[in-house]
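Spelled out from the first residue to the last, the chains are:
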Amino acid sequence: MSVRTDVVNLIVNIGNDAAKSKLNDLRKKAADLTGEMQELKKGTQAYIDKGKELRQVTSEIDGLKKQMGIATLSQKELNAELRKLSALKSSVAPFSAEFKTLDKQIKAVQERLIEVRSGTQGFSSAFGKIG
């Protein structure tokens, strides 16, 4: 009987950037506010106040995302951004300056989406090999 020993080195890079940390905190706060709002009765002052706070947090999240660029977006957010840009591109005149700008943005989002997908697949593949 033989004994098999496998050694797997796994490196996970998590950005310890202050902006990313703040973005994650804001996302958690938004999720908490949404949960609190579900427990409140619609139309009450508490519900309205929570709604205002949620809109403020959401606008802060959007502002941070714009500052940080597409590098911080999740796969779901990248797909949504891609759909939005594609819809905008289809509504402008072909070969205009705006069309070319949107085309560049779409290509950048597509490239980032490929990076995110391949990173996710590589991560799950590594864990699959451990078993």
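No experiment lies behind these values; they were computed from the predicted model shown.

Thresholds, definitions, all that
- Residues numbered from 1 in each chain as written.
- Predicted model: local features only at pLDDT ≥ 70, side-chain atom pairs only at ≥ 80, totals over all residues.
- Heavy atoms only, no water.
- Helix = DSSP H or I, 4+ residues; strand = E, 2+ residues; numbered from the N terminus.
- Contact = heavy atoms within 4.5 Å.
- Areas by Shrake-Rupley, 256 points an atom, 1.4 Å probe, with all protein chains shown as cover.
- Salt bridge = Lys/Arg side-chain N within 4 Å of Asp/Glu carboxyl O.
- Buried < 20%, exposed > 50% of the residue type's maximum accessible area, 1.4 Å probe, protein only.
- Expected span 1.5 Å × (residues − 1).
- Arc of directions from axis to C-beta.
- Axes fitted to C-alpha atoms, helices over the stretch in contact; angles between N-to-C directions.
- Parallel < 35°, antiparallel > 145°, perpendicular 65-115°, else oblique.
- Left-handed = near helix turned anticlockwise from the far one by under 90°.
- Nonpolar A, V, L, I, M, F, W, Y, C, P; charged D, E, K, R; others polar.
- Core = buried A, V, L, I, M, F, W, Y, C linked by side-chain atoms within 4.5 Å.

**So, the overall build of the protein**
Helix and strand content of the protein: four helices and zero strands. When the elements of the protein are put in sequence order from the N terminus, they spell out α-α-α-α. Here the contacts in the protein between residues at least 6 apart in sequence split such that 63% fall between residues at least 24 apart. Just so you have it, the protein exposes about 10000 Å², and 54% of that area is on carbon and sulfur atoms.

**What to know about the pattern of salt bridges**
With the rule as written, the count across this model stands at eight salt bridges. With a shortest N-O distance of 3.1 Å, Lys28 and Asp32 are connected by a salt bridge. Here the residue Lys28 and the residue Asp32 both occupy positions in helix H1 (residues 18–39), the gap between them amounting to four residues, near one helical turn. Residue Asp32 is classed as partly exposed on the basis of its relative accessible area of 37%. Linked by salt bridges that have partners in common, Lys89, Asp103 and Lys107 make up one network.

**Quick notes on unusual backbone geometry**
Residues other than glycine seldom take positive phi values, yet Phe95 does so here, at roughly 65°. For Phe95, the position within the fold is in the loop between helix H3 (75–90) and helix H4 (97–130).

**Let's talk about H1**
At 3.6 residues per turn, the α-helix brings residues three or four places apart onto the same side. The first and last C-alpha atoms of H1 sit 32 Å apart over 22 residues, in line with the 32 Å expected at 1.5 Å per residue. Taken as a whole, H1 has its buried residues at Leu23, Leu26, Ala30, Leu33 and Met37. Here the buried residues of H1 occupy an arc of 85° about the axis, which is enough to place them on one side. With respect to the buried face of H1, the exposed residues turned more than 90 degrees away are Lys28, Gln38 and Glu39.

**With respect to helix H2 (residues 45–68)**
Its 24 residues give H2 an end-to-end C-alpha distance of 35 Å, which sits within 8% of 34 Å, the value for a rise of 1.5 Å per residue. Of all the residues in H2, the buried ones are Gly51, Leu54, Val57, Ile61, Leu64, Lys65 and Met68. As for H2, its buried residues are in contact with H1 and H3. Looking at the residues trailing H2, positive phi occurs at Gly69, about 85°.

**Side note on the packing of H1 against H2**
At a minimum axis separation of 9 Å, H1 and H2 run at an interaxial angle of 155°. The orientation of H1 with respect to H2, classified from their angle, is roughly antiparallel. For the crossing formed where H1 meets H2, the hand is left-handed. Contact residues: Ala19, Lys20, Lys22, Leu23, Leu26, Arg27, Lys29, Ala30, Leu33, Thr34, Glu36 and Met37 in H1; Tyr47, Lys50, Gly51, Glu53, Leu54, Val57, Glu60, Ile61, Leu64, Lys65 and Met68 in H2. Of the residues belonging to the contact of H1 with H2, the class tally is 12 nonpolar, two polar and nine charged.

**Topic: the nonpolar core**
Note on soluble globular proteins: their nonpolar side chains tend to be buried together. Ranked by size, the top nonpolar core spans 11 residues in total: Leu73, Leu78, Leu82, Leu85, Val92, Phe99, Leu102, Ile106, Val109, Leu113 and Val116. Going through the elements one at a time, H3 and H4 are the ones with two or more residues in this core. Per-element tally for this core: the top contributor is H4, with six residues. When neighbours within four sequence positions are excluded, Val109 is seen to be in contact with Ile70, Leu78, Glu81, Leu82 and Leu85. In terms of nonpolar packing, the next biggest core, distinct from the first, is built from nine residues, Leu23, Leu54, Ile61 and Leu64 among them.

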